[in-house]
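# Chains, contacts and geometry: an overview
In case you want the letters, here they are:
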Amino acid sequence: MLLAVIVVPLQLIMALVMASVVASLKTARSTVLYIFTIPLGLSDLAAGLIWLAIFEQSGFLNSMLVGLGMVQKPILLLSYQNTGVLFAAVILAELWRATAIMMVILVSGMGLIAREYYEAAEVFGANRWQRFLKVTLPMLRPSLQTALMLRSIAAIEVFAVVIALSGTTLPVLASQVYDWQFNQQNGGAAAAVALVVLAISITVTVVFTRALRTPEGATL
Amino acid sequence: MSTAVTDAPRIVSDVTRAGKLLYWSGVVLLCVWVLLPIYLLLINALSSPTEVQAFPKPAVPPFDLGSLRFFLGYAGVAQALLNSIIVAVLTMVLSILIGAPAGYALSRFNFRGKGAFRLLVLMTRAFPLPLLALPIAVVYIRVGLDDTQIGLALVHTTLALPFAVLITFSIFSGVPAELEEAAWTLGCNRLQAFWKVVLPLVLPGITASAIFAFTISWNEVFASAVLTVQNRTLTAFLLQTLNLSPLYLRYAGGAALVVPALIFIFAVRKYLFAMWGIANR
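Since the model is a prediction, treat every value here as computed from it, not as a measurement.

Scoring rules and cut-offs
Residues numbered from 1 in each chain as written. Chains lettered and ligands numbered in written order. Predicted model: local features only at pLDDT ≥ 70, side-chain atom pairs only at ≥ 80, totals over all residues. Heavy atoms only, no water. Helix = DSSP H or I, 4+ residues; strand = E, 2+ residues; numbered from the N terminus. Buried < 20%, exposed > 50% of the residue type's maximum accessible area, 1.4 Å probe, protein only. Contact = heavy atoms within 4.5 Å. pLDDT = per-residue confidence, 0-100. Core = buried A, V, L, I, M, F, W, Y, C linked by side-chain atoms within 4.5 Å. Salt bridge = Lys/Arg side-chain N within 4 Å of Asp/Glu carboxyl O. Buried area = accessible area lost by both parts, 1.4 Å probe.

## Description of the overall build of chain B
When helices and strands are tallied, chain B shows 13 helices and 0 strands. Each helix (α) and strand (β) of chain B, taken in turn from the N terminus, gives the series α-α-α-α-α-α-α-α-α-α-α-α-α. A total of 281 residues make up chain B; the buried ones form 49% of that total. Across chain B, the fraction of contacts at a sequence separation of at least 24, relative to all contacts at a separation of at least 6, is 73%.

Shown next, in the form of C-alpha cells:
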C-alpha cells in the first residue's frame, strides 16, 4: 500500500522525463523508444529475478561496492533485519519495470497535442520549462488520467516482484491473497483481502477521474 | 517543439554545447538504467552454477551453459515450458478470434454506445486480477476446468483481449473504407471483400497483436499460480520453486522468461502505440 504511494509519483516524474526526451529526440528516436519500452514486455517475476541478481549477497551491487573498496566484505542486503533495504529494492525494481507503460501512454498523448500551441507559446515568449508547464501538462490531462489510473491499480496488485525479492518478509496485498489461499487454505480470508484490493482500486479510479477531468468546453 | 521554426542559424556557444552534452548523457543514462539490469541477469544465466554462487561477479559473461543446462534438465521445467507455450498459443488464438471482429466492428460501424463500449474495453484492464482469479478458481473446480491449460488460457484471454481489440481497431481504421467499397462495386460480397482486400493489408498488424497476446500470457504470474497445480506454466513454476531452488536455477529461469519477451516486443514495437494513442482520445 505504502509502496504504491511512493512508487506511482516517482514513476510519473520519470515517465514524464522519458516521454519528453523521446518527444524531443530527432535522431535515434525509434532506437531509444524501443529501449525504453523493453521492460513493458517483461514479466514482473522476471523483473524481480533481475533485481535479485543485483541485490543478493553475492550479487552485482555487492561486487561493485567491494570492488570500489566501500565495504570490506559482501553484506547481506535482503534479509529480515533490513526491511528498509528490501523496501527500497522493491521500489527500484517496480520503477524499472513499470515506468515504461506510463511513458508509452504519455508519448502517444504528447503526439496528439497540436504543434500550434507550442508555436503560440513561443510567440508569447515562453521558455522550454514554461511551455512544458503551461502547455504540455494541461493538454496531457487525459493521458495522465489513463496512465495514473492504470499504474496505481497495477501498483496495488504488485506481486511477483515482491515475492522474488523478499519471499514473504514484505507482505503486500496480492501476496496476502496468495498466501491465504494456498498456504493457509483459507479462501474466505483471501477473498476478503481481494475485496480490499477492489475497494482501493475503485477509490483510486474515482479520485483520478474527478481530479483530472478535462474542463467543460475544452477541446483537444 | 523539436521541429520549431529555426529561422536564424544560432551560434553554437559553449553553453548550448554543454547543454547538449548533458542532454545526451541523460538519454544514455536512461538507456543504461533500462538495459543494465537485463545484461546482469544474462551474465548470471550464462555462468556455471558454481560461478553464480561465487563472489565477486564478473562484468563479462563467461559463456558457460552449465546453469541453463541444469535448468532445462530440472524436473518439471520442460513440462512447464511446454505448458507456457500451449497456454500462450491458446490465448493468442482466442484473443484474435474474439478481439479482431470487435476491432473491425468498432472501426467500421457506428452503433449506439460505441464510445462507452470502447471505454469499457479499456476499463477491464483496471480490474484487479486477484479479485478475478479467486472466484474463477472456485468456479473452475466446480466445472472441472481447474488445472487445465484451456482454463488458464481463458483467463489470460480476458487479460489480452482489451489490447487485441484496441490494436485491431486502430489497424482496421488504417485501411480506408473506400477500398472495401470499391471491392463491393467490383462484385465482391462482404466476405470476399474482407478476405481479398482488407485481410492482406491488416495481416502484419494482426500478427503483431497476436504476438502481444502471446507475450501477455507468457508473462502472467498471478493467475497462473492460482489456477494451476500440476500443469504449471513457467512463471508459476518459478514462483513455486522460488524458495527452494538454488540461485542459478532462478536466474536461468529468469533468462528463459526474458529472452522470448525481448524478441516479441522487438517484433511488435511498431504497434505498441496503436493501443494507447487511440484509446486516449
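Continuing now.
## Quick notes on the confidence of the model for chain A
Confidence in the prediction for chain A averages 75 pLDDT; 83% of positions are at 70 or higher. The lowest-confidence element of chain A is helix 4 (residues 60-67) of chain A, averaging 70 in pLDDT; the highest-confidence one is helix 6 (residues 115-123) of chain A, averaging 81.

## Describing the nonpolar core
Ranked by internal contacts, the top residues of the largest apolar core, which has 143 residues, are Phe36, Leu45, Met103 and Phe159 of chain A together with Phe222 and Leu239 of chain B. Here the element with the most residues in this core is helix 5 (residues 83-112) of chain A; it accounts for 13 residues. What phenylalanine 159 of chain A contacts, discounting residues up to four positions off in sequence, is Ala174, Ser175 and Tyr178 of chain A together with Val221, Phe222 and Leu239 of chain B.

## Side note on the pattern of salt bridges
Taken as a whole, this structure holds 2 salt bridges over all chains when the rule is applied. The salt bridge partner of arginine 97 of chain A is glutamate 94 of chain A, with a shortest N-O separation of 3.0 Å. Linking arginine 97 of chain A with glutamate 94 of chain A, this pair stays in helix 5, spanning 3 residues, or about one helical turn. Both residues of the pair, arginine 97 of chain A and glutamate 94 of chain A, belong to the buried class. Arginine 108 of chain B is paired through a salt bridge with glutamate 180 of chain B; the nearest N and O atoms lie 2.6 Å apart.

## Quick notes on the interface of chain A and chain B
Where interface size is given, it is often the accessible area lost as the parts come together that is meant. Counting from both sides, the interface comprises 77 residues of chain A and, opposite them, 64 residues of chain B. Summed over both sides, the interface between chain A and chain B buries roughly 6,300 Å², with carbon and sulfur atoms accounting for 78% of that surface. Residue contributions to the side of chain A that touches chain B peak at 10 residues, all from helix 5 of chain A.

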